[in-house]
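Residue-level structural notes
Each chain is listed here by its residues.
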Amino acid sequence: KSLLATLVTAIFIGMAFTLQIIREFVKFGALQMVGGIVGLAIWRELGPLLTGVVVSGRIGAAIASEIGTMKVTEQIDALKALSQDPIKYLVVPRILAVMFMMPLLVGIADVAGFLSGFGVATLMGNINPYAYFNSASLMLQPADVYGGLIKAFVFGFIIALISCYQGLKTTAGAKGVGQSTTFAV
């Protein structure tokens, strides 16, 4: 359920970043490099970072509130009474799910942000479409793409781990669930 928020964020970030780059690069006559710079910025940094923010707000909050509610309603104690390990039963699946979904979301966000940048570059900056993609293919290396996806994997682990931790340390009823959710995000 984070796909729409991720796409909207990536599209607008790609458009805004490209617009700023065009304004600066026109001063130096370097418009032929816009595609490469947009690609590097989005694939290396902006895609993983902004997708992480969206996922932490959407999924991290959901994980923390769900586990926090289980904690205050003593469902976790019931799992322990049934000889079930709450970490193995509740935490590990959530961590694995977020770790493996983050790179997929980041890949989609990267493509959406890059293509929205392409739209701004060609429509508003009058940049040749071939020049946009050519500069991206020359400047963007596979290590840039893989590096962004590895960041996404690590961000997924951190988001899920912190959210689960905050949920498991919830106390004081509904107020505590709200506080744990806020701290997790």
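Rules used in this analysis
- Residues numbered from 1 in each chain as written.
- Predicted model: local features only at pLDDT ≥ 70, side-chain atom pairs only at ≥ 80, totals over all residues.
- Heavy atoms only, no water.
- Helix = DSSP H or I, 4+ residues; strand = E, 2+ residues; numbered from the N terminus.
- Buried < 20%, exposed > 50% of the residue type's maximum accessible area, 1.4 Å probe, protein only.
- Contact = heavy atoms within 4.5 Å.
- Salt bridge = Lys/Arg side-chain N within 4 Å of Asp/Glu carboxyl O.

1. Describing the environment of A143
Tracing the backbone through its elements, the reader meets A143 in helix α6 (residues 142-168). When the C-alpha atoms of A143 and V8 are compared, they prove to be 26 Å apart, with 135 residues separating the residues in sequence.

2. What to know about unusual backbone geometry
Here N126, not a glycine, exhibits a phi torsion of approximately 55 degrees, which is positive. Along the polypeptide, N126 turns up in the loop between α4 (86-123) and α5 (129-139). Phi angles above zero are rare outside glycine, and A172 is one such case at about 70 degrees. As for its placement among the helices and strands, A172 is situated in the loop between α6 and α7 (173-184). The class of A172 is exposed, set by a relative accessible area of 61%.

3. Comments concerning the side chain of T181
Along the chain, the position of T181 falls in helix α7. Not counting chain neighbours up to four residues away, the residues in contact with T181 comprise A61, A64 and S65.

4. Quick notes on the pattern of salt bridges
Enumeration according to the criterion identifies 4 salt bridges in this entry. Taking the shortest distance from any N to any O, the salt bridge between E24 and K27 comes out at 3.4 Å. Here K27 and E24 lie together in helix α1 (residues 3-28), a separation of 3 residues that amounts to about one turn. For E24, a relative accessible area of 38% gives the class partly exposed.

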